[in-house]
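# Structural characterization, general
Residue strings, one per chain:
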Amino acid sequence: NVRTDRSVKGMRQRLEDGRWTFPPPLGYRAGRDAMGAKAIIPDEQSAPLITQAFEEFATGLYSREQVLRKITQLGSVQHPHLTKLRSGKSAHGKLV
C-alpha cells in the first residue's frame, strides 16, 4: 500500500532527524524547545511523580501495584501509559 509506505517512510525520516513521532512518554508532554521547534518536554506536574515511582520500584521494596497506587494518590497522574506501568510494559529510559 503506497499510503502506508509513505507514512512509515515519513515517520522513519522524522526519527532520523531527531524528532519524536509518538505520543509523549510518561512524565513528558508535547511542547517547544528553546529554538521553537516541536519537542517533548518534561511535564512539570507528572515528571517528578514518575521519577519517584521508578526510583521506589527500583529499590525492590515495593511492587508495581504499590508504586502505582502511591503516585496516583500523590498527584493526578493521568496518562494512557499508566496501564503499561501497571502491566510492566512501560518504556525504559531516563527522565530528565
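Because the structure is predicted, anything quoted here is derived from the model rather than measured.

### Here we look at the overall build of the protein
Counting secondary structure elements, the protein contains four helices and two strands. For the protein, the sequential pattern of α-helices and β-strands runs α-β-β-α-α-α. Counting across all 96 residues of the protein, residues that qualify as buried make up 22%. When contacts within the protein are restricted to residue pairs at least 6 apart in sequence, long-range pairs at least 24 apart make up 32% of them. By element, 55% of the accessible surface of the protein is carried by carbon and sulfur atoms, the whole surface being about 7400 Å².

### Quick word on the pattern of salt bridges
Under the defined criterion, the tally for this structure stands at three salt bridges. Notably, a salt bridge pairs Arg29 with Asp43, separated by 4.0 Å at the nearest N-O pair. Residue Arg29 is found in strand E1 (residues 28-32), and its partner Asp43 is found in the loop between strand E2 (38-42) and helix H2 (47-58); the two are separated by 14 residues along the sequence. Notably, a salt bridge pairs Glu56 with Lys70, separated by 3.1 Å at the nearest N-O pair. Here Glu56 is found in helix H2, whereas its partner Lys70 is found in helix H3 (residues 64-74), with 14 residues between them in sequence. Residue classification places Glu56 among the buried positions, given a relative accessible area of 14%. Within this structure, Arg29, Asp43 and Glu44 form a network of salt bridges that share partners.

### Digging into the layout of surface pockets
Volume-wise, the second largest pocket comes out at about 190 Å³. Together, Arg14, Arg19, Trp20, Phe22, Pro24, Ala30, Gly31, Lys38, Ala39 and Ile40 line the second largest pocket. Counting residues per element, the ones that place at least two in the lining of the second largest pocket are E1 and E2. Ranked by the residues each element gives to the lining of the second largest pocket, the list is headed by E2, at three residues. Looking at the lining of the second largest pocket, its residues break down into six nonpolar, one polar and three charged.

Thresholds, definitions, all that
Residues numbered from 1 in each chain as written. Predicted model: local features only at pLDDT ≥ 70, side-chain atom pairs only at ≥ 80, totals over all residues. Heavy atoms only, no water. Helix = DSSP H or I, 4+ residues; strand = E, 2+ residues; numbered from the N terminus. Buried < 20%, exposed > 50% of the residue type's maximum accessible area, 1.4 Å probe, protein only. Contact = heavy atoms within 4.5 Å. Areas by Shrake-Rupley, 256 points an atom, 1.4 Å probe, with all protein chains shown as cover. Salt bridge = Lys/Arg side-chain N within 4 Å of Asp/Glu carboxyl O. 1 Å grid on protein atoms, 1.4 Å probe; cavity = no way out; pocket = protein on both sides within 12 Å on 5 of 7 lines; lining within 4 Å. Points joined across faces, edges and corners; volume = space filled by probe spheres on them. Nonpolar A, V, L, I, M, F, W, Y, C, P; charged D, E, K, R; others polar.

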